[in-house]
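Below, each chain spelled out in residue letters.
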Amino acid sequence: MHVNYMEAIRKRYENLGYQSYRWFIAENAPAWSAVQKPLSKSKIGLLSTSGAYALGQMAYHYKDDSSIREIPIETPTHDIRFSHITENYLVSPRKDPNCILPIETLKSLAKKGVIGSLASTALSCMGGTYSQRKVREEIAPSVLEKFMRDDIDCALLVSM
Amino acid sequence: MCLIARYLEAHGIPTLCLGSALDILEAGKPPRAAFVDYPLGHSAGKPFDLADQEDIVYRALTGFEDIKAPGVAITMLKNTWGDGLWRAEASSTEGSDTRQPRDTTPQFQFAEDRVAAMAKEKIGTLKVN
């Protein structure tokens, strides 16, 4: 049986007397962009919503931070850091970033010919944003601009 | 994440969401999605388990070739975490709020990160001037 996070968290906050977190609930079917190339020829862009940043970059703040970090894929794994409003889920990523920001995994898949290539920078933002308007009007357009600049074929989005 | 995926897709970029909260993925109806039944924080595999990480990411990526219509089905990955003890904690409706205070101060993982970021910012400012 899978964990019902929305129900569990809603009840937990209710027990504490807090206002409920409002998850995005889609009311219609999503748009669709057909894949143009086989995976083995595709350039993949990576976005993680885990609040990853590289040493030398600014950390995220926890009040609806809508900024993006561009992490060069050659960044040594030990220089990747995380800040996220739900820090309790960062125990493993802070030891091995690849369990939430799979840069080395994708590089290995590129080497094996499974994917064509990985964009030279991975993107990260901080999930858990309360404002859906900020996600729509700030985070998503910023991610789109960077993915278009990197001329990717497909985007892999990894959530916390 | 689902909102961003839907936005990118509407602007011509095929997307695939990999996550480990099935109900949140279902509610967000992204165009393509893969679910792995792991504790949150491990959507791309177990720490230091390269085989598991590669297997999950590879199987998720195959969705770009196998999923032919939006939001029809979420690819359910077969990887198993091992013990299910984490589920009780994740499902609990009791206990305190695990979120950090909503504050606009950057929350660096280590104190040295702040020093490194400030030094870089200072160099950037000097260049501009």
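See the structure above.
A short tour of the structure in this document, coming up. Residue indices follow the written sequence of each chain, beginning from 1 at its first position. Key to labels: chains lettered from A, ligands numbered from 1, both in the order written. Totals for whole chains, interfaces and linings use all residues, but because this is a predicted model, local features are given only for residues with pLDDT of at least 70 and pairs of side-chain atoms are given and counted only at 80 or more. In computing side-chain values, all of the structure's heavy atoms are included and hydrogens and water are not.

**Thoughts on the packing of aromatic side chains**
Each aromatic ring pair is specified by the distance between its two centres and by the angle formed by the two planes. We call Phe, Tyr and Trp rings a pair once their centres come within 6.5 Å, taking the six-membered ring for Trp, and we label the pair stacked below 30 degrees between planes, edge-to-face above 60, and tilted otherwise. All chains considered together, the criterion is met by two aromatic pairs over all chains. Ring centres 6.0 Å apart and planes at 80° place the aromatic pair Tyr53 of chain A and Phe108 of chain B in the edge-to-face group. Here Tyr53 of chain A is found in strand β2 (residues 52-54), whereas its partner Phe108 of chain B is found in the loop between α5 (85-91) and α6 (111-128) on a different chain. The same class applies to Tyr53 of chain A as to Phe108 of chain B, namely buried. Runs of E in the DSSP output that reach at least two residues are strands. Runs of H or I that reach at least four are helices, and both are numbered from the N terminus. Throughout this description, buried means an accessible area under 20% of the type-specific maximum (1.4 Å probe, protein chains only), exposed means over 50%, and partly exposed covers the range between.

**Focus on helix α1 (residues 5-16) of chain A**
Taking 1.5 Å of rise per residue, the twelve residues of α1 of chain A would be expected to cover 16 Å, and the 16 Å separating its terminal C-alpha atoms lies within 8% of that figure. Along α1 of chain A, the positions that sit buried rather than exposed are Tyr5, Met6, Ala8, Ile9, Arg12 and Tyr13 of chain A. Projected onto a plane normal to the axis of α1 of chain A, the buried residues spread over an arc of 170° and lie on a single side. Those residues of α1 of chain A that are exposed and aimed more than 90 degrees away from the buried face are Glu14 and Asn15 of chain A. Residues are treated as being in contact if the distance between any of their heavy atoms lies within 4.5 Å. Against α2 (22-28) and α5 of chain B lie the buried residues of α1 of chain A. Immediately downstream of α1 of chain A, the backbone of Gly17 of chain A shows phi near 80°, a positive value. Take the number of residues in a helix, subtract one, and multiply by 1.5 Å to get its expected span. Directions drawn from the helix axis to the C-beta atoms are what define this arc.

**Focus: the packing of helix α3 (residues 132-149) of chain A against helix α1 (residues 2-10) of chain B**
In this analysis, axes come from line fits to C-alpha atoms, helices being fitted only over the stretch in contact, and the angle between any two N-to-C directions falls in the range 0 to 180 degrees. In contact at an axis separation of 9 Å, α3 of chain A and α1 of chain B are set at 50° when each is read in the N-to-C sense. Comparing the axis directions of α3 of chain A and α1 of chain B gives the class oblique. Seen along the crossing, α3 of chain A lies across α1 of chain B with a hand that is right-handed. Contact residues: α3 of chain A offers Gln132, Val135, Arg136, Ile139, Ala140, Pro141, Val143, Leu144 and Phe147 of chain A, while α1 of chain B offers Leu3, Ile4, Tyr7 and Leu8 of chain B. Considered class by class, the residues forming the contact of α3 of chain A with α1 of chain B number eleven nonpolar, one polar and one charged. Between 65 and 115 degrees an angle is taken as roughly perpendicular, under 35 as roughly parallel, over 145 as roughly antiparallel, and anywhere else as oblique. In a left-handed crossing the near helix is turned counterclockwise from the far helix by less than a right angle, and in a right-handed crossing that turn is clockwise. Any residue that is not Ala, Val, Leu, Ile, Met, Phe, Trp, Tyr, Cys, Pro, Asp, Glu, Lys or Arg is counted as polar, Gly included; the first ten are nonpolar and the last four charged.

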